[in-house]
Amino acid sequence: MIACTTLLSASLLTACGSSTPERILSTPPAPAQTGAPLPLDQVDAPLDLAKFDSDPCSLLTKEQAAAVVADPPNGMQPSPRTTLPAFGCAWPNPAGALLVALKPVQSPKTLTELSTSPLKKNGELEPWTETSISGLPAVVYHEYRAPGECSVSVEVTEQQMLTFEIEGRDLRNNYWDNDRCGGVAKMAEFVIGNLRQ
């Protein structure tokens, strides 16, 4: 849709501009490359989490945020998460939902602890699917009380997992509205790749 303004004076001046911001990506993002399940505590190449600890909101580029949060990402303001039980960053979709990357600092902090937690024992993380992302053990699960949401936890060191989640239902301009777990897995893949650089 084009909005145009015409001004008449000594000469005719016409100014036109697009009223809808254009998408950043020319094609939808490819799905995350997941692999076969790994033992939950097997981390052959641990990540250095210094960048996550110092500035977690820097771990998605503008193009990556467009790929997993909203495209175009206009108005998106990532904000640090600084309260227990986990620290990290939240990227809000302008329509209301959030995608978050979190480092749990209270139990469960690892995939093994998560797999034996009361939430898991009580069936509140079902369906539970073990896989791998970027060569690291990962679990995709849904909290029982919020079936429209999705979480992906990835074991990144022998003592630490990172958790990626989508919170809320409104996902305007999101490529993953019909595959929310796919979007969260893609976010995990991006963050892991950026931590490895």
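Right above here is the structure, for reference.
Definitions and limits used
- Residues numbered from 1 in each chain as written.
- Predicted model: local features only at pLDDT ≥ 70, side-chain atom pairs only at ≥ 80, totals over all residues.
- Heavy atoms only, no water.
- Helix = DSSP H or I, 4+ residues; strand = E, 2+ residues; numbered from the N terminus.
- Polar contact = N/O pair within 3.5 Å; in protein donor to acceptor, adjacent residues only side chain to side chain.
- Disulfide = S-S within 2.5 Å.
- Buried < 20%, exposed > 50% of the residue type's maximum accessible area, 1.4 Å probe, protein only.

K.L.:
Give me the environment of R180: which residues, what numbers.
P.N.:
Secondary-structure assignment places R180 in helix α5 (residues 180–196). With 31 residues separating them along the chain, R180 and E149 place their C-alpha atoms 7.2 Å apart. Within the structure, the side chain of R180 is placed 2.9 Å from the side chain of D177, a separation counted as a polar contact.

K.L.:
Lay out the state of the cysteines in plain terms, naming residues and giving numbers.
P.N.:
Applying the stated criterion across every chain yields a total of two disulfides. In this model, C57 is linked to C89 through a disulfide, with the two sulfur atoms separated by 2.0 Å. The sign of the S-S torsion, about 105 degrees, decides the handedness of the disulfide formed by C57 and C89: right-handed. Here the residue C57 occupies a position in the loop between α1 (50–54) and α2 (62–68), and C89 occupies one in strand β5 (residues 86–92), the gap between them amounting to 32 residues. For C57, a relative accessible area of 15% gives the class buried. Sulfur-sulfur distance for the disulfide between C150 and C181 comes to 2.0 Å. Its torsion about the S-S bond being 110 degrees, the disulfide of C150 and C181 is classed as right-handed. With C150 in strand β9 (residues 150–157) and C181 in helix α5, the pair connects residues that are 31 residues apart, well separated along the chain. In this pair, the class of C150 matches that of C181, namely buried.

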